[in-house]
Amino acid sequence: MNEDNAALRVIEDIRSIVRTGQPGDRLPSVRALMAKHKASPVTVQQAIQRVAGEGLVEVRPGRGSYVADRPGPARLPDLSWQSVALGPGRPSEDMVAALIAVPGPEVLQLSSGYLDPGLLPVEALGAALTRAARRPASWGRVPLEGREELRAWFAREAGGELRAGDMTVCSGAQPALSAAFRGLSEPGDVVLLESPTYVGAIAAARDAGLRVVPVPTDADGVRPDLLAAAFERTGARLFYSQPLHANPHGAVLSAARRPEVFAIVRAAGAFLIEDDWARGFTIDGVAPPTLTSEDVDGHVVYVRSLTKVAAPGLRVAVIGARGVAGKRLRTARSFDDLYVSGPLQEAAIDFVTSPVWRRHLRSLQGALRSRRDALLSALDSHLPDFRVAKPTGGLHVWAELPEGIDDMEFTAAAAARDIVVFPGRPWFAAEPAGSYLRLTFGGAPEHVLAEGVQRLAEVRAAIRRSTRGTSPAR
């Protein structure tokens with residue numbers, strides 16, 4: 001489904017309603033527009049906001065959207081020239097926006113990139129920020145690379161040869177990835193990405209002008225044979241990897257494959273970007289050490305964020321590399337916003353160096369285990385034909401849909417019943433290997449997960465009935 005075309009259809013439909021309607025007439029609901037144009041909820045909401053920005057529609061929170069009052073015979077604004085002036089949109093921008101969209105209170109969210117608010121250590125973070133705000137030095141100039149105490153903490157957590165001087169603080173993992181792709185390559189270069197992989201990484205790589213080549217993964221992480229073949233065929237010098245609880249499918253790079261991957265990257269003279277996003281989210285057993293901790297010759301570029309494991313508002317991350325690569329990354333990162341807020345960095349230091357940090361991680365592990373098991377149990381009871389693997393950590397379950405069910409259509413049908421799930425297709429940089437959904441157990445309490453799966457079962461049943469109704473007569 002082409003979301004750009006869907007958005008244009010929705011916009012033109014709303015404009016038509018405005019032209020023929022009267023001020024105060026209510027527009028069709030988001031659900032009705034989704035069904036009519038086969039568009040996602042994000043696309044419909046963005047279309048409504050676009051027309052509201054033209055003064056044609058009045059959005060009344062909690063009540064719907066209405067034809068706006070027109071003061072006189074003034075012509076409707078024509079903003080179509082902007083499409084010509086701006087050209088094509090950025091690749092995957094709609095999907096990245098959908099990842100961080102905040103649904104309405106009536107919606108059950110079964111796919112989210114962030115923890116359920118009930119799991120966030122908000123009191124501890126608030127106290128840390130209050131203390132940081134009272135320190136006058138917090139409000140002064142901050143070194144380009146960030147506070148040394150914060151960089152030193154990240155370096156200790158990463159292990160290996162990285163030191164504070166190799167680290168640069170960033171305002172979240174997404175800017176860190178953007179800096180890595182821009183700082184270590186030139187437009188037109190090839191970057192290898194695991195497949196499937198994080199939507200934001202695909203978007204950031206393409207936005208940097210890179211040619212994205214996917215390398216398939218399985219339950220043990222990236223496949224070394226295909227990684228070696230990809231390096232040989234493309235001559236790539238950059239490989240993006242999530243070795244711990246990869247988003248979306250949850251795989252952990254196995255101990256047996258780690259030395260193989262290192263050998264392949266060294267032989268190619270390449271960099272490996274290690275996105276350690278799930279550090280702190282291990283549920284079963286003990287998390288393996290970072291790849292960075294085993295890197296001798298500076299091939300690994302390390303990325304880690306506190307945003308996922310602490311709170312969405314703690315926009316603090318780090319990117320680290322040794323040698324000239326570290327300097328290139330620092331320069332690339334400085335082009336974005338010079339440096340991260342001083343009070344925010346001070347609060348982060350206060351939080352991660354206090355006893356509450358370890359208590360938070362222990363509490364989080366138990367809560368995520370309970371929610372993961374609740375989601376898996378509900379899927380087993382209500383959607384047994386969905387194929388899922390039990391993840392040992394992370395936030396997500398990767399569900400393969402039965403044959404004949406399209407993930408994009410299933411997602412739209414679920415949204416029409418006020419359930420947010422995320423289709424599998426955008427997580428593949430090329431053709432998808434099948435039809436999947438990413439379901440999140442860390443973003444909602446157990447009872448919401450159970451109710452959401454029950455509603456998904458109703459969606460599944462409706463699709464089954466529809467399929468039977470359209471099958472050829474025997």
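Residues numbered from 1 in each chain as written. Predicted model: local features only at pLDDT ≥ 70, side-chain atom pairs only at ≥ 80, totals over all residues. Heavy atoms only, no water.

S.K.: Help me get a handle on the overall build of the protein, residues and values and all.
M.R.: Along its length, the protein carries 16 helices and 16 strands. For the protein, whose C-alpha radius of gyration is 24 Å, the value lies close to the compact-globule estimate of 23 Å for 474 residues. Considered along the principal axes of its C-alpha atoms, the protein spans approximately 65 × 60 × 45 Å. Considering the protein as a whole, with its 474 residues, one finds that 51% of them fall into the buried category. Of the roughly 21600 Å² of accessible surface on the protein, 53% is carried by carbon and sulfur atoms. Positive and negative side-chain charges in the protein, numbering 56 and 53 respectively, have mean positions lying 2 Å apart. (Helix = DSSP H or I, 4+ residues; strand = E, 2+ residues; numbered from the N terminus. Rg over C-alpha atoms; globule rule 2.2 N^0.38 Å. Buried < 20%, exposed > 50% of the residue type's maximum accessible area, 1.4 Å probe, protein only. Areas by Shrake-Rupley, 256 points an atom, 1.4 Å probe, with all protein chains shown as cover. Lys, Arg positive; Asp, Glu negative; His and termini not counted. Charge placed at Lys NZ, Arg CZ, Asp CG, Glu CD.)

S.K.: I'd like to hear about the pairing of strand β9 (residues 271–275), residue by residue, with values.
M.R.: With respect to burial, β9 is a largely interior element, four of its five residues being buried. Here strand β8 (residues 238–241) pairs with β9 via four bridges, running parallel. Residue Ser241 lies in a different strand from β9, and its bridge partner there is Glu274. You can see the chain leave β8, run along helix α11 (residues 257–268) and come back into β9, and the turn it takes is right-handed. Direction of pairing for β9 relative to strand β10 (residues 300–305): parallel, over a ladder of four bridges. Paired with Asp275 across the two strands is Val303, which belongs to β10. (Pairing = 2+ DSSP bridges. Right-handed = clockwise from strand over helix to strand, strands pointing away.)

S.K.: Describe helix α15 (residues 407–416), with residues and values.
M.R.: Across the 10 residues that make up α15, a large majority, seven, are buried. Residues of α15 that are buried include every one of Asp407, Met408, Phe410, Thr411, Ala412, Ala414 and Ala415, and no others. Between the side-chain oxygen of the N-cap and the backbone nitrogen of Met408 there are 3.0 Å, and the N-cap of α15 in question is Asp406. Where α15 ends, the next residue or the one after it, Asp418, has phi of about 65°, a positive value. (Polar contact = N/O pair within 3.5 Å; in protein donor to acceptor, adjacent residues only side chain to side chain.)

S.K.: Explain the pattern of salt bridges to me, and be specific about the residues and the numbers.
M.R.: Taken as a whole and judged by the stated rule, the model has 29 salt bridges. The closest approach of N and O atoms between Arg182 and Asp336, which form a salt bridge, is 3.0 Å. Here Arg182, found in helix α8 (residues 173–183), pairs with Asp336, found in helix α12 (residues 324–337); they are 154 residues apart in sequence, far enough to count as distant. Residue classification places Arg182 among the partly exposed positions, given a relative accessible area of 31%. By relative accessible area, which is 41% here, Asp336 ends up partly exposed. (Salt bridge = Lys/Arg side-chain N within 4 Å of Asp/Glu carboxyl O.)

S.K.: Outline the packing of α8 against α12, supporting the account with residue identities and numerical values.
M.R.: Look at α8 against α12: their axes get within 8 Å of each other, and the N-to-C directions meet at 125°. As the angle between them shows, α8 and α12 are arranged oblique. With respect to the hand of their crossing, α8 and α12 are arranged in right-handed fashion. Listed contacts from α12 to Pro175, Ala179, Ala180, Arg182 and Gly183 of α8 are Arg328, Leu329, Ala332, Arg333, Phe335 and Asp336. For the contact of α8 with α12, the class distribution of residues is six nonpolar, one polar and four charged. (Axes fitted to C-alpha atoms, helices over the stretch in contact; angles between N-to-C directions. Parallel < 35°, antiparallel > 145°, perpendicular 65-115°, else oblique. Left-handed = near helix turned anticlockwise from the far one by under 90°. Contact = heavy atoms within 4.5 Å. Nonpolar A, V, L, I, M, F, W, Y, C, P; charged D, E, K, R; others polar.)

S.K.: I'd love a proper account of the sheet that holds strand β15 (residues 422–423), names of residues and values included.
M.R.: Within the open sheet, the four strands sit side by side as β12-β13-β16-β15. Their pairing is antiparallel. Bordering the open sheet on either side are β12 (387–388) and β15, each of which pairs with just one other strand. Two strands pair when backbone bridges link them, and β12 and strand β13 (residues 396–400) are joined in this way by two bridges, in the antiparallel orientation. Counterpart to Val388 in the pairing with β13 is Ala399.

S.K.: Describe α12, naming the residues involved and giving the relevant values.
M.R.: For α12, the set of buried residues is Ala325, Gly326, Leu329, Arg330, Ala332, Arg333 and Ser334. Tucked inside the fold, the buried residues of α12 contact β4 (167–170), α8, β9, β10 and β11 (317–320). Downstream of α12 by a residue or two, Leu338 has a phi angle that is positive, lying close to 65°.

S.K.: How would you explain unusual backbone geometry if you had to name every residue and give the values?
M.R.: Note: most residues except glycine have negative phi, and most peptide bonds are trans. Geometrically, the link from Ser195 to Pro196 is a cis peptide bond, its omega value of 0° lying close to zero. With respect to the element layout, Pro196 can be found in the loop between β5 (190–195) and α9 (199–207). With an omega of 25°, the peptide bond between Asn247 and Pro248 qualifies as cis. Turning to its location among the elements, Pro248 is positioned in the loop between β8 and α11. The backbone of His245 shows a phi angle near 50°, a positive value even though the residue is not glycine.

S.K.: Describe the nonpolar core, naming the residues involved and giving the relevant values.
M.R.: Within soluble globular proteins, side chains that are nonpolar tend to cluster in buried spots. Ranked by size, the top nonpolar core spans 66 residues in total, and within it Phe281, Leu306, Val316, Leu368, Leu439 and Leu456 carry the most contacts. Not counting chain neighbours up to four residues away, the residues in contact with Leu456 comprise Leu110, Leu383, Phe410, Ala414, Ile419, Val421 and Leu439. (Core = buried A, V, L, I, M, F, W, Y, C linked by side-chain atoms within 4.5 Å.)

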